[in-house]
Amino acid sequence: MASGLHRCGTAGLLALTAAVLLLSAAANASQGDKEPVYRDCVKQCSRTNCTGARLRGFESAQPPYMALTGWTCRDDCRYQCMWTTVGLYQAEGFGVPQFHGKVSLNAWFWSTVFHTRDTYLTEKMDYFCASAVILYSIYLCCVRTLGLRRPGVSSMVGVLLILAFTSHVSYLTFVSFDYGYNMAANATIGMVNLLWWLCWCWLHRRALPYWWKCGVVVLLLHGLALLELLDFPPLFWVLDAHAVWHLSTVPVHFLFYSFLIDDSLHLLNTEKIGVKLE
C-alpha cells in the first residue's frame, strides 16, 4: 500500500510540474491582438465609423439580436479588422493568428454566454465558474475517497477549497487578471483531481469491477484538455481547438454517469449488508 502511494506521488509530482509549465507557456496573449496592422485598423475604423452620422447609421442598420447582446460599433471594427489581418497573413504565406484569446463555440452556460458576447463580466464568469467546477470536483473526490469514513476530513477540505476559490477570484478581480496565473492554477488543481482519482482507482481495482470507467473518464478529460495547448485555424472558421475540446468531452460524460450509477449501487448494497465502506 505504501509503495503504491509512493509511486502515485512520484508520478504525480512529475506530471503536475510538466502540466503547469506547458500550460503556463501556452497562456501568452493572442498574437493577432498585438499586430500593429490590426491595432491601426481598429483605431482607424473606430475614428471613421463610430462617430456622428456613421455611428447612427450603424445603429439603425444593426440586427435586433446583435443589439440585444450589446454589440457595439467598436466590436464590429475589431471583428472586421480581425478578418482583414487574417487575409494579410494568408496572403504572405503565414499561419492564421489567434485573436481575442478564442474563436469558438461552447456548450456550458457561462462559456456559451461568454462566447456569444465577450464582455468584462462574461469573461470573468466563464473563468471563475471553470475554476469552481474543478475545485468542486476535488471536493467530490474527497467525499467519495475519504469522507465516507471520515466526514470531518471532507468538511475541512471543503472549507479549504472555498478559501482557495475566494483567494483566486479576489486576486484576479482586485490585483491582476493574469491569464498565465489562471491557467497554471487550474492546471495544478486539475492534476490534483486527476492523480487523486487515479490512485483511488488503482488501489480499488480488485474490489470494484467498474473502477476502469472512472480511470478512463479522468484520463480522457485531462488528455483532451491538451487541445487547449493547440492553436490551429478554426475548422470552417467556427471550431477552433477550444471548441473541439468542449465538443469532444460530451460523449465522455455518458461513461462518467455509468460509473456513478455503478458506484452508487455498490455503496447502497454495501450499506445494506453492513460492510465497512471503502
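Check the entry above for the structure.
Keep in mind that what you see is a predicted model, and the values were worked out from it rather than measured. Each chain carries its own residue numbering, running from 1 in the direction its sequence is written. Local features are withheld for residues below a pLDDT of 70 in this predicted model, meaning they are given only at 70 or higher, and side-chain atom pairs are given and counted only at 80 or more; totals for whole chains, interfaces and linings count all residues. Computation of side-chain values covers all heavy atoms of the structure but excludes hydrogens and water.

(A) How the structure looks around the overall build of the protein chain. Secondary structure follows DSSP: runs of H or I at least 4 residues long count as helices, runs of E at least 2 residues long count as strands, and numbering of each begins at the N terminus. When you go through the protein chain residue by residue, the secondary structure sums to 13 helices and 0 strands. Within the protein chain, buried positions represent 34% of all 278 residues. Residue contacts follow a heavy-atom distance rule, with two residues in contact if any of their heavy atoms lie within 4.5 Å. Long-range contacts, defined as pairs at least 24 residues apart, comprise 67% of the intrachain contacts of the protein chain with a sequence gap of at least 6. In the form shown here, the protein chain has an accessible surface area of approximately 16500 Å², with 69% of it arising from carbon and sulfur atoms. Here's how the labels work: a residue is buried when its accessible area is under 20% of the maximum for its type, exposed when over 50%, partly exposed in between, all with a 1.4 Å probe on protein chains only. Only the protein chains shown count as cover for residues, with accessible areas throughout obtained via the Shrake-Rupley method and a probe of 1.4 Å.

(B) Geometry of the state of the cysteines. In this description, a disulfide is simply a cysteine sulfur pair whose atoms lie within 2.5 Å. What the rule picks out here adds up to 3 disulfides. Two residues share a disulfide in this structure: cysteine 41 and cysteine 81, whose sulfurs sit 2.0 Å from each other. Judged by the sign of its S-S torsion, about -80°, the bond between cysteine 41 and cysteine 81 is left-handed. Of this pair, cysteine 41 sits in helix 3 (residues 36-49) while cysteine 81 sits in helix 6 (residues 73-91); the two residues are 40 residues apart in sequence, bridging distant segments of the chain. For cysteine 41, a relative accessible area of 22% translates into the label partly exposed. For cysteine 81, a relative accessible area of 1% gives the class buried. Linked covalently through their sulfurs, cysteine 50 and cysteine 73 form a disulfide whose S-S length is 2.1 Å. The sign of the S-S torsion, about -85°, decides the handedness of the disulfide formed by cysteine 50 and cysteine 73: left-handed. Of the two residues, cysteine 50 is situated in the loop between helix 3 and helix 4 (52-61) and cysteine 73 in helix 6; the sequence distance between them amounts to 23 residues. For cysteine 50, a relative accessible area of 15% corresponds to the buried category. The class of cysteine 73 is buried, set by a relative accessible area of 8%.

(C) Highlighting a nonpolar patch on the surface. On the surface, a nonpolar cluster with roughly 430 Å² of combined accessible area is contributed by Tyr171, Phe174, Val175 and Tyr181. Of all the elements, helix 9 (residues 151-175) adds the most residues to the nonpolar patch, at 3 residues. Tracing the backbone through its elements, the reader meets valine 175 in helix 9. For valine 175, a relative accessible area of 59% puts it in the exposed group. Surface patches are drawn from residues lacking salt bridges whose relative accessible area is over 30%; two like charges belong together within 9 Å, two nonpolar side chains (Val, Leu, Ile, Met, Phe, Trp, Tyr) within 5 Å. Every case where a carboxyl oxygen of Asp or Glu lies within 4 Å of a side-chain nitrogen of Lys or Arg is listed as a salt bridge.

(D) Representation of the packing of helix 8 (residues 120-147) against helix 10 (residues 179-203) in the model. Orientation is described by lines fitted to C-alpha atoms, with helices fitted over the stretch in contact, and by angles between N-to-C directions that extend from 0 to 180 degrees. Closest axis-to-axis distance for the helix 8/helix 10 pair is 10 Å, and the angle between their directions is 20°. One way to sum up the angle between helix 8 and helix 10 is to call them roughly parallel. Viewed along their axes, helix 8 and helix 10 form a crossing whose handedness is left-handed. Residues Glu123, Tyr127, Ser131, Ile134, Leu135, Ser137, Ile138, Cys141, Cys142, Arg144, Thr145 and Leu146 of helix 8 touch helix 10, and the partners they reach there are Tyr179, Asn182, Asn186, Ile189, Gly190, Val192, Asn193, Trp196, Trp197 and Trp200. Roughly parallel means an angle under 35 degrees; roughly antiparallel means over 145; roughly perpendicular covers 65 to 115; every other angle is labelled oblique. The crossing is said to be left-handed when, going from far helix to near helix, the turn is anticlockwise and less than a right angle, and right-handed when the turn is clockwise.

(E) Examining the nonpolar core more closely. Put simply, a nonpolar core is a bunch of buried Ala, Val, Leu, Ile, Met, Phe, Trp, Tyr and Cys residues held in one set by side-chain atoms that sit within 4.5 Å of each other. Counting 12 residues, the largest nonpolar core consists of Cys141, Met191, Leu194, Leu195, Trp197, Trp200, Cys201, Leu208, Tyr210, Cys214, Val218 and Phe259. Looking at this core, the elements with two or more residues in it are helix 10 and helix 11 (211-224). In terms of residue count, the dominant contributor to this core is helix 10 (6 residues). Residue contacts for tryptophan 197: discarding those within four places in its chain leaves Ser137, Cys141, Arg144, Cys214, Val218 and Phe259. Grouped together as the second largest cluster of nonpolar side chains are 9 residues, Tyr38, Val42, Phe58 and Cys77 included.

(F) Looking closely at the packing of aromatic side chains. Any Phe, Tyr or Trp ring, taking Trp's six-membered ring, that has another such ring centre within 6.5 Å forms a pair; planes under 30 degrees apart are called stacked, those over 60 apart edge-to-face, and the others tilted. Inspection of every chain in the model, using the stated rule, returns 13 aromatic pairs. Between tyrosine 127 and phenylalanine 177 the ring centres are 5.4 Å apart and the planes differ by 70°, which places this aromatic pair in the edge-to-face class. Residue tyrosine 127 is found in helix 8, and its partner phenylalanine 177 is found in the loop between helix 9 and helix 10; the two are separated by 50 residues along the sequence. By relative accessible area, which is 21% here, tyrosine 127 ends up partly exposed. An angle of 35° between the planes, with centres 6.0 Å apart, marks the rings of tyrosine 136 and tyrosine 139 as tilted.

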